Amino acid sequence: MSKPVRSKRISKKIRQEYSDSLPVTLIQTTEVPPDCQTYSIFTYISTCLSICFNYSISDINKRIPVEKPIGVIIGNAVWVLKREHIEYLWTKGFFGKGILSRSEPNWKQRQTRKLLSSLEMKDKQLTQGPNQVLSPSSTKKRQERQLKYKTKEHPTESTVQVAEQEAQKEDNSLVKNTESTSQSSLPLNKDSLPLEMQAPFVEDLEYLQLSPEEAMFLRGDIKAIDLLDQNEKPYSIESCWKKFKGRNDDRPDNEFIVNYAVYHYYRSRGWVVKNGIKYGTDYVLYRKGPIFHHSEYAVIIVPVDSCGRHISTNSRPTEINWQWLLGVNRVSGQVKKMVLLCYVIIPDLDSADLATPQCIHQYKIVEHHVKRWMPERNRD
């Protein structure tokens, strides 16, 4: 019996923003199909969906965004630099990772909130005195202890002047525009300022980094991104495939091909696939995305040949023993994830067969769910 998915409290606005599972746009139509009583059950269901939602089932393959995001291939990774492209790829499928964030590329928003909070604290220090202002992140008991300790010493005029000078120096170093720092005595409330007024405080230094598997899926499968090199020369699907797998590595057990076959397998089934290196696994699977739920499964890729013999690679152990498996299962159990052993059966292919991404359809995948056995719970 599987564990219930741990959901997060999400507002209605956020749910609408992240409603699309892929970076593609449905083409709305106004055509109403004819009477569907003489058609099959599939035609009947598709007709009902078309009438209710005003979308045509035949238009699913034509879902192309108005402006494709652009990624730059640098080394073995892909960088997306424009902010509108970053938000588009993240809100429609949770692709990539912000280089200055844990996952969601929101470094600028976090720095803006910190800056506004610090300016508000400096303003309170100038008006109320430096010893009367408490940290907003402190708990109530800690604030009472801080206030009790600070009220023992009354600030003099010299201490207030020193505090004003230090506050002015910090404002000059934090705020990029020197003219705006002269107005630091004005009360700044981060909740009352709109986003377009908060943005000029901090320069956006973050970009989105895509893994080779994500970039290949976006470029080759759904064609939702254009890839360029550092000289702005476009990459075709075949050239991207050769770049990621290595031009001189035409082995069927190529690490990128095996990883991409697994990534494509779970992405095509609606899972949001993210890197699982911090859990000691290859991937982690989200049901709808990191915004809505915690990851439910931890995937470990096990390449095997047609006879079931394990194939060793540089990043995977030579064999799976019980000590290694119990260790991975224990770590995943502590973070409430279930382990999936994903066996990838490597076909016998030559270099000509591996020249295009269509070769991944010849890789077979077998999943095994590993669950910790405890005598008091699994006695029967």
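Residues numbered from 1 in each chain as written. Predicted model: local features only at pLDDT ≥ 70, side-chain atom pairs only at ≥ 80, totals over all residues. Heavy atoms only, no water.

- If you check an unreviewed UniProt entry, the protein chain appears there as tRNA-splicing endonuclease subunit Sen2 from Basidiobolus ranarum.
- On record in UniProt, under Sequence similarities (unreviewed entry), the comment for the protein chain is "Belongs to the tRNA-intron endonuclease family." (UniProt positions renumbered as here; feature names shortened; annotations may be inferred.)

## Focus: the overall build of the protein chain
- Each helix and strand counted, the protein chain has 12 helices and 10 strands in total.
- Buried positions account for 39% of the 380 residues belonging to the protein chain.
- Taking all contacts inside the protein chain whose residues are at least 6 apart in sequence as the whole, residues at least 24 apart take part in 64%.
- Put simply, the protein chain shows about 23900 Å² of open surface, and 51% of that area lies on carbon and sulfur atoms. (Helix = DSSP H or I, 4+ residues; strand = E, 2+ residues; numbered from the N terminus. Buried < 20%, exposed > 50% of the residue type's maximum accessible area, 1.4 Å probe, protein only. Contact = heavy atoms within 4.5 Å. Areas by Shrake-Rupley, 256 points an atom, 1.4 Å probe, with all protein chains shown as cover.)

## Here's the deal with the packing of helix 10 (residues 237-245) against helix 11 (residues 255-267)
- For the pair helix 10 and helix 11, the least separation of the axes is 8 Å and the interaxial angle reads 115 degrees. In this structure, helix 10 uses Trp241, Phe244 and Lys245 to contact helix 11, whose residues at the interface are Phe256, Ile257 and Tyr260.
- Grouping the constituent residues of the contact of helix 10 with helix 11 by class yields five nonpolar, no polar and one charged. (Axes fitted to C-alpha atoms, helices over the stretch in contact; angles between N-to-C directions. Nonpolar A, V, L, I, M, F, W, Y, C, P; charged D, E, K, R; others polar.)

## What to know about unusual backbone geometry
- Of note in the backbone geometry, Phe94 takes a positive phi value of approximately 55 degrees without being a glycine.
- Among the structural elements, Phe94 can be located in the loop between helix 3 (83-91) and strand 3 (97-98).
- Take Phe94: its relative accessible area is 2%, and that puts it in the buried class.
- Residue Glu232 is not a glycine yet carries a positive backbone phi of 65 degrees.
- Within the secondary structure, Glu232 is located in the loop between strand 5 (226-228) and helix 10.
- A residue is classified by how much of its surface remains accessible, and Glu232, at 64% relative accessible area, is exposed.

## Considerations on a nonpolar patch on the surface
- On the surface, a nonpolar cluster with roughly 240 Å² of combined accessible area is contributed by Ile99, Leu100 and Leu205.
- Locating Leu205 in the fold gives a position in the loop between helix 8 (195-198) and strand 4 (208-210).
- Look at Leu205 and you get exposed, because its relative accessible area is 51%. (Patch = residues over 30% accessible without salt bridge, like charges linked within 9 Å, V, L, I, M, F, W, Y side chains within 5 Å. Salt bridge = Lys/Arg side-chain N within 4 Å of Asp/Glu carboxyl O.)

## Brief notes about the sheet that holds strand 1 (residues 70-74)
- Judged by pairing direction, the sheet is mixed, and its five strands sit side by side in the order 3-4-2-1-5 without closing on themselves. Each of the sheet's edge strands pairs with one partner strand only, and the pair in question is strand 3 and strand 5.
- One ladder, built from three bridges, connects strand 2 (residues 77-80) with strand 4; its direction is antiparallel. Directly across from Val78, in strand 4, lies its bridge partner Leu210.
- Where helix 9 (residues 212-221) meets the sheet, its contacts fall on strand 2, strand 4 and strand 5, and the angle it forms with strand 4 comes to roughly 85 degrees. (Pairing = 2+ DSSP bridges.)

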